[in-house]
Amino acid sequence: MSTSFRFEPIEETPELRDLRAEVRGFLRDEIKAGTFKPGSGNMRSSFNPEFSRKLGAKGWLGMTWPKKYGGHERTFMERYVVTEEMLAHGAPVRAHWVADRQSGPVLLTYAQEHIKQKVVPQIARGEAYFCIGLSEPNSGSDVFAASTKATKTEGGWLINGRKIWTSNAHRSHYCIALVRTSPATAENRRHGLTQFLIDMKTPGITVRPIVNLAGHHDFNEVIFDDVMVPDDHLLGEKDMAWKQATTELAYERSGPDRWLETFFALHGLVRVAGKEPDDRLAEGLGREVASIATLRRMSLSVAGMLQNGQMPTNEAAVVKDLGTNWEQALPNKVRLLAPEAISAERANDEDFESVLRYATLIAPKLTIQGGTREVLRGIVARGLGLR
Ligand SMILES: Cc1cc2nc3c(=O)[nH]c(=O)nc-3n(C[C@H](O)[C@H](O)[C@H](O)COP(=O)(O)OP(=O)(O)OC[C@H]3O[C@@H](n4cnc5c(N)ncnc54)[C@H](O)[C@@H]3O)c2cc1C
């Protein structure tokens, strides 16, 4: 069995603590100014371009990227502190989230120089938003079965096909899509796919809404009908995206967004519990806080490994699996803990009820988006040498 499966402890330095205090101060001011309501689960106004631009101006987007592309050459740990505080407060970060987390790094690694110079600074300023075009009606977990096709033509590629579950496609400027440029080979069924940077304003793109369980329009079906993409928008190497897309997934899976998405429900419970919860509630709260503290240490450890230039694919998969299972189970635990323990007056707290209702409705998706529970466990099993 492999023994290379490690979570080294990470200690927060005084500089990181100062940064955390600065971010908290900024968020307190934004809350006071009415920009967002903390602990509401991002359900009202999470897509807020003005807020994204403010973060860009503070230097809190593209934090680890080179200065020559608008980045700030700060560390992964500094970025971790900023993203953790944003999520724990429920700040409205949806607009820039994907671009800052994974599209920027993909462009920095695989895009041509002039594309990097044009697009990456827009992301760092909080002005360019991205969606991810991986899933198709017949290729979800098995992304390498994608059949949306790019055909070579004069000066570029004509794209035809359909992507599905594309979050924020209706309000993104660009999509990074995985598209078939050649058939798979007998030796490698992953061969033949290429990543493209697609401007969402290109003629031939139709974005159709899909309303989710919570009644919101977040993801979409995206149809490509003879969409012309210039040659210089091909990312990396033709037919070799199987190497690139898995790197992108390591960024997608490793952060605090994989265990903080229903955190606001715990926050709500603490609020209605008041200063003197009864023994049962105190014990329940203690258990959840202990779980989140452990997850947080593991997640920080993954950030530390990314900072050291390692690619902790297996560790990131474990954090996503444990984190998403915890955040998925949380709303029900909160509901079970709440009724007996809170006073009649607080039990009628409408805010708490609506927050809990929303957390319950988004819980099922948490173990699907970004790789399902079963697929992640398959990755972990392979990492442990079990398959
Ligand atoms: C809220 C949300 C947002 C999303 N946003 C995006 C987005 O922006 N862009 C994008 O491209 N996609 C997005 N997705 C799609 C998501 O990545 C896919 O839903 C996911 O990869 C699963 O694919 P599928 O739905 O086709 O299910 P399938 O792959 O058909 O899986 C069905 C079931 O079979 C299991 N299964 C599949 N393969 C295996 C295996 N090898 N071993 C064991 N079990 C297996 C799965 O675990 C699952 O339980 C989003 C999904 C959600 C829920």
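Residues numbered from 1 in each chain as written. Predicted model: local features only at pLDDT ≥ 70, side-chain atom pairs only at ≥ 80, totals over all residues. Heavy atoms only, no water.

Chemist: Looking at this model, I keep getting lost on the packing of aromatic side chains. Mind explaining?
Modeler: Each aromatic ring pair is characterised by the separation of its centres together with the angle its planes make. Taken as a whole, this structure holds 8 aromatic pairs when the rule is applied. Where phenylalanine 26 meets tryptophan 60, the ring centres are 5.3 Å apart and the plane angle is 85°; that geometry is what we call edge-to-face. Linking phenylalanine 26 in helix H1 (residues 14-32) with tryptophan 60 in the loop between helix H2 (49-58) and helix H3 (76-89), this pair joins segments that are 34 residues apart in sequence. On the basis of relative accessibility, which here comes to 10%, the residue phenylalanine 26 falls in the buried class. Grouping aromatic residues by their ring pairs yields a cluster made of Phe26, Phe36, Phe51 and Trp60. (Phe/Tyr/Trp six-rings, centres within 6.5 Å; stacked < 30°, edge-to-face > 60°. Helix = DSSP H or I, 4+ residues; strand = E, 2+ residues; numbered from the N terminus. Buried < 20%, exposed > 50% of the residue type's maximum accessible area, 1.4 Å probe, protein only.)

Chemist: Just checking my understanding: could you explain the site of the ligand for this structure?
Modeler: Of all residues adjacent to the ligand, which total 14 residues, the nearest are Ser135, Ser141, Trp165, Thr372 and Glu374. At 2.6 Å, a side-chain N or O of serine 141 approaches an oxygen atom of the ligand. Within the backbone of tryptophan 165, an N or O atom sits 2.9 Å from a nitrogen atom of the ligand. When isolated, the ligand has an accessible area of 970 Å², and the protein chains bury 61% of it. (Near = heavy atom within 4 Å. Polar contact = N/O pair within 3.5 Å; in protein donor to acceptor, adjacent residues only side chain to side chain. Areas by Shrake-Rupley, 256 points an atom, 1.4 Å probe, with all protein chains shown as cover.)

Chemist: What's the story with the side chain of serine 172 in this structure? I'm lost.
Modeler: Mapped onto the elements, serine 172 comes out in the loop between strand S3 (156-164) and strand S4 (174-180). Within polar-contact distance, the side chain of serine 172 engages the backbone oxygen of phenylalanine 130 at 3.5 Å. Here asparagine 168 takes part through its backbone oxygen, which lies 2.7 Å from a polar atom of the side chain of serine 172. Look past the residues within four positions of serine 172 in its chain and what remains in contact with it is Tyr129, Phe130, Cys131 and Met200. (Contact = heavy atoms within 4.5 Å.)

Chemist: Even after reading the chapter, I still don't get the packing of helix H7 (residues 263-273) against helix H8 (residues 279-307), so can you show me in this structure?
Modeler: In a pair of packed helices, the angle between the axes and the distance between the axes together describe the arrangement. Closest axis-to-axis distance for the H7/H8 pair is 12 Å, and the angle between their directions is 150°. Between H7 and H8, the angle falls in the class roughly antiparallel. Crossing angle aside, the handedness with which H7 passes H8 is left-handed. Contact residues: Phe263, Leu266, Leu269, Val270 and Ala273 in H7; Leu281, Leu285, Glu288, Val289 and Ile292 in H8. (Axes fitted to C-alpha atoms, helices over the stretch in contact; angles between N-to-C directions. Parallel < 35°, antiparallel > 145°, perpendicular 65-115°, else oblique. Left-handed = near helix turned anticlockwise from the far one by under 90°.)

Chemist: Would you explain the nonpolar core in this entry?
Modeler: When a protein is soluble and globular, its nonpolar side chains tend to lie buried together. Core analysis: the biggest nonpolar cluster contains 58 residues, and Leu27, Phe51, Trp60, Met86 and Leu269 have the highest contact counts within it. Those elements that provide at least two residues to this core are H1, H2, H3, H7, H8, helix H9 (313-341), helix H11 (350-362) and helix H12 (373-383). Once residues within four sequence positions are removed from consideration, phenylalanine 51 is found in contact with Phe26, Leu27, Glu30, Thr35, Met86, Ala91, Pro92 and Val93. Membership of the second largest hydrophobic core comes to 19 residues, among which are Val119, Ile123, Ile176 and Leu197. (Core = buried A, V, L, I, M, F, W, Y, C linked by side-chain atoms within 4.5 Å.)

Chemist: Just to check I follow, could you spell out the pairing of strand S7 (residues 217-230) for this structure?
Modeler: Sheet faces and side chains relate simply in a regular strand, where the side chains alternate between the two faces. Pairing between S3 and S7: 8 bridges, direction antiparallel. When the sheet's bridge partners are listed, lysine 163 is paired in S7 with valine 222. Here strand S6 (residues 205-211) pairs with S7 via 7 bridges, running antiparallel. The partner of isoleucine 210 across the bridge, within S7, is phenylalanine 219. Here S6 hands over to S7 after 5 residues, with glycine 215 in that stretch at a positive phi of 85°. (Pairing = 2+ DSSP bridges.)

Chemist: Honestly, H1 in this entry has me stumped. Any pointers?
Modeler: Residues separated by three or four positions in an α-helix point in the same direction, a consequence of the helix having 3.6 residues per turn. Taking 1.5 Å per residue, 19 residues should reach 27 Å; H1 reaches 27 Å between its end C-alpha atoms and fits that length. Residues Leu16, Leu19, Arg20, Val23, Gly25, Phe26, Leu27 and Glu30 constitute the buried set of H1. For H1, the secondary structure elements touched by its buried residues are H2, H3 and H8. One or two residues past the end of H1 sits glycine 34, with phi positive at roughly 85°. (Expected span 1.5 Å × (residues − 1).)

By themselves these figures say nothing about function.
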